[in-house]
Amino acid sequence: MEKQEFNDLLQVKTEELDRIIQGFLPPEEGWQKTVIRAMNYSIRAGGKRLRPMLMLESYRMFGGKGLEIEPFLAAIEMIHTYSLVHDDLPAMDNDEYRRGQETTWKVYGEAMAILAGDGLLNFAFETALTAFDRVDKTDPEALKRIADALTVLAREAGIYGMIGGQTVDIEAEVQPEPVTEAQLTFIHECKTGALIVASMKVGAILAGASKEQLRTLEKCAEDIGMAFQIQDDILDVVGDSKELGKPVGSDEENHKQTYVTLYGLEEAKRLVETLSEEAVEVYIKSIDGEHEFLEQLILMLSGRRK
Ligand code: GRG
């Protein structure tokens, strides 16, 4: 696929995902409308929609054709967005810009941003649960696939996944001794990798992938998650804040240990390339099915500038 064709397709797919996600947002009404406005503001602020895109591509790669995927596409973006809303709070990173817009707490205040994050997390599961209404309720296999997908989503977002990673990250910031490579790997695998693993596994599970296929896909998603985070560390050093929609240089300012401080910029770049190539060459290409766009997406991410 030519670069231009890929870029056009990327735009079409992003717009399609945007439409699906926005279709699941709650109406801004009732006494609690302020929190709903704050939730919707955070989602509508934009973003690459990478996690729903990985989910949909995995679903299609394994032959998924139904509509039960749609609530899960919205749910993963809600969980990801809640994590950004909370991460930007003064008690965490104290950031004022995200996705090129003022952060939720800057617009709605701290208390409402905490509630908006909580609201997004809870509403993500309310939304994902509606997948049960989109399959034949007399088909036990379809029901089990949704239950399995919900289990993966809950676990990867929780204390054994993203929340666990964020916990260790926050503790590492104030520990007196230098952060070890093992600590850093745990942080990245959980904080960033877990939601990427969840995205791809949920897509595959809903499409009916086998246990063996799920194991391959998990390894692939782990590589993508690690490459994505290392690239994030690189962009914090060499990125452009306008393009990124958020400030750069915050890791250095906060004396944060990253893959760049640990290995240097060049080695970090090499790692991103190696991981992305492994994800495509070893794992994706071993799976039967249509995955040309997914391959290009993974390779594009390793050179992303935002
Ligand atoms: C508060 C429980 C909790 C977790 C926060 C996601 C996160 C964990 C922190 C955000 C800071 C950070 C650098 C996380 C690493 C993952 C990452 C690079 C997130 C940004 O994802 P993108 O680039 O964002 O996909 P968009 O805006 O495009 O959706």
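See the structure shown above.
Residues numbered from 1 in each chain as written. Predicted model: local features only at pLDDT ≥ 70, side-chain atom pairs only at ≥ 80, totals over all residues. Heavy atoms only, no water.

Some details on unusual backbone geometry
Backbone geometry follows two general trends: most residues other than glycine have a negative phi, and most peptide bonds adopt the trans configuration.
Reasoning step 1: With a phi close to 55°, Asn 94 is a non-glycine residue in the positive phi region.
Reasoning step 2: For Asn 94, the location among the structural elements is in the loop between helix 4 (69–87) and strand 1 (97–98).
Reasoning step 3: By relative accessible area, Asn 94 is classed as partly exposed at 43%.
Reasoning step 4: Positive phi, normally seen in glycine, also occurs at Arg 99, with a value near 55°.
Reasoning step 5: Within the secondary structure, Arg 99 sits in the loop between strand 1 and strand 2 (101–102).
Reasoning step 6: Since its relative accessible area comes to 19%, Arg 99 is described here as buried. (Helix = DSSP H or I, 4+ residues; strand = E, 2+ residues; numbered from the N terminus. Buried < 20%, exposed > 50% of the residue type's maximum accessible area, 1.4 Å probe, protein only.)

Regarding the site of the ligand
Reasoning step 1: Near the ligand there are 17 residues, and of these Lys 48, Arg 51, His 80, Arg 99 and Gln 229 occur at the shortest range.
Reasoning step 2: With respect to the ligand, the side chain of Lys 48 contributes an N or O atom lying 2.6 Å from an oxygen atom.
Reasoning step 3: One of the side-chain N or O atoms of Arg 99 is found 2.8 Å from an oxygen atom in the ligand.
Reasoning step 4: Bound to the protein, the ligand loses 92% of the 700 Å² it would expose on its own.
Reasoning step 5: Elements represented by at least two residues in the shell around the ligand include exactly helix 4, helix 8 (162–174), helix 9 (181–207) and helix 10 (211–238).
Reasoning step 6: No other element matches helix 4, which puts six residues into the shell around the ligand.
Reasoning step 7: Of the residues belonging to the shell around the ligand, the class tally is four nonpolar, seven polar and six charged. (Near = heavy atom within 4 Å. Polar contact = N/O pair within 3.5 Å; in protein donor to acceptor, adjacent residues only side chain to side chain. Areas by Shrake-Rupley, 256 points an atom, 1.4 Å probe, with all protein chains shown as cover. Nonpolar A, V, L, I, M, F, W, Y, C, P; charged D, E, K, R; others polar.)

Points about the packing of aromatic side chains
Reasoning step 1: Scanning the entire structure with this criterion turns up three aromatic pairs.
Reasoning step 2: Consider the rings of Tyr 41 and Tyr 108, whose centres lie 5.7 Å apart with planes at 65°: the pair is edge-to-face. On the criterion of sequence distance, the pair formed by Tyr 41 in helix 2 (residues 33–44) and Tyr 108 in helix 5 (residues 104–108) is long-range, its members being 67 residues apart.
Reasoning step 3: A relative accessible area of 27% means that Tyr 108 is categorised as partly exposed.
Reasoning step 4: The ring centre of Phe 293 lies 4.6 Å from the NZ or CZ of Lys 13, which sits over that ring. (Phe/Tyr/Trp six-rings, centres within 6.5 Å; stacked < 30°, edge-to-face > 60°. Lys NZ or Arg CZ within 6 Å of the ring centre and 35° of its normal.)

Remarks on a nonpolar patch on the surface
Reasoning step 1: Residues Ile 159, Tyr 160 and Ile 163 make up a contiguous nonpolar surface patch of about 330 Å² in total accessible area.
Reasoning step 2: When its relative accessible area of 60% is taken as the criterion, Ile 159 is described as exposed. (Patch = residues over 30% accessible without salt bridge, like charges linked within 9 Å, V, L, I, M, F, W, Y side chains within 5 Å. Salt bridge = Lys/Arg side-chain N within 4 Å of Asp/Glu carboxyl O.)

Notes on the side chain of Thr 104
Reasoning step 1: When you line up the elements, Thr 104 lands in helix 5.
Reasoning step 2: On the basis of relative accessible area, Thr 104 is assigned to the buried category, the value being 6%.
Reasoning step 3: Only 3.1 Å separates the side chain of Thr 104 from the side chain of Ser 42, close enough to count as a polar contact.
Reasoning step 4: Each residue touching Thr 104, except ones within four places of it in the same chain, is listed here: Ala 38, Tyr 41, Ser 42, Val 85, Gly 109, Ala 113 and Ala 116. (Contact = heavy atoms within 4.5 Å.)

A look at empty space enclosed by the protein
Reasoning step 1: According to the stated counting rule, one finds two cavities of 30 Å³ or more in the structure shown.
Reasoning step 2: Its boundaries defined by the atoms lining it, the largest cavity holds a volume of some 100 Å³.
Reasoning step 3: Around the largest cavity sit Tyr 41, Ser 42, Ala 45, Thr 81, Leu 84, Val 85, Asp 88, Arg 98, Arg 99, Glu 102, Thr 103 and Thr 104, which together line it.
Reasoning step 4: At the level of secondary structure, the elements contributing two or more residues to the lining of the largest cavity comprise helix 2 and helix 4.
Reasoning step 5: Ranked by the residues each element gives to the lining of the largest cavity, the list is headed by helix 4, at three residues.
Reasoning step 6: For the lining of the largest cavity, the class distribution of residues is four nonpolar, four polar and four charged.
Reasoning step 7: For the second largest cavity, the calculated volume is near 30 Å³. (1 Å grid on protein atoms, 1.4 Å probe; cavity = no way out; pocket = protein on both sides within 12 Å on 5 of 7 lines; lining within 4 Å. Points joined across faces, edges and corners; volume = space filled by probe spheres on them.)

Considerations on the environment of Leu 67
Reasoning step 1: Within the fold, Leu 67 resides in the loop between helix 3 (50–61) and helix 4.
Reasoning step 2: A relative accessible area of 51% means that Leu 67 is categorised as exposed.
Reasoning step 3: Remark: the alpha-carbon pair of Leu 67 and Leu 244, spanning 177 residues in sequence, is separated by 33 Å.

A closer look at the packing of helix 14 (residues 265–283) against helix 15 (residues 292–302)
Reasoning step 1: At a minimum axis separation of 9 Å, helix 14 and helix 15 run at an interaxial angle of 175°. Put simply, helix 14 runs roughly antiparallel to helix 15. Counting all contacts with helix 14, which are made through Val 272, Ser 276, Ala 279 and Val 280, the residues of helix 15 involved are Glu 295, Ile 298, Leu 299 and Ser 302.
Reasoning step 2: Residues of the contact of helix 14 with helix 15, tallied by class, amount to five nonpolar, two polar and one charged. (Axes fitted to C-alpha atoms, helices over the stretch in contact; angles between N-to-C directions. Parallel < 35°, antiparallel > 145°, perpendicular 65-115°, else oblique.)

The analysis is restricted to geometry; functional conclusions fall outside its scope.
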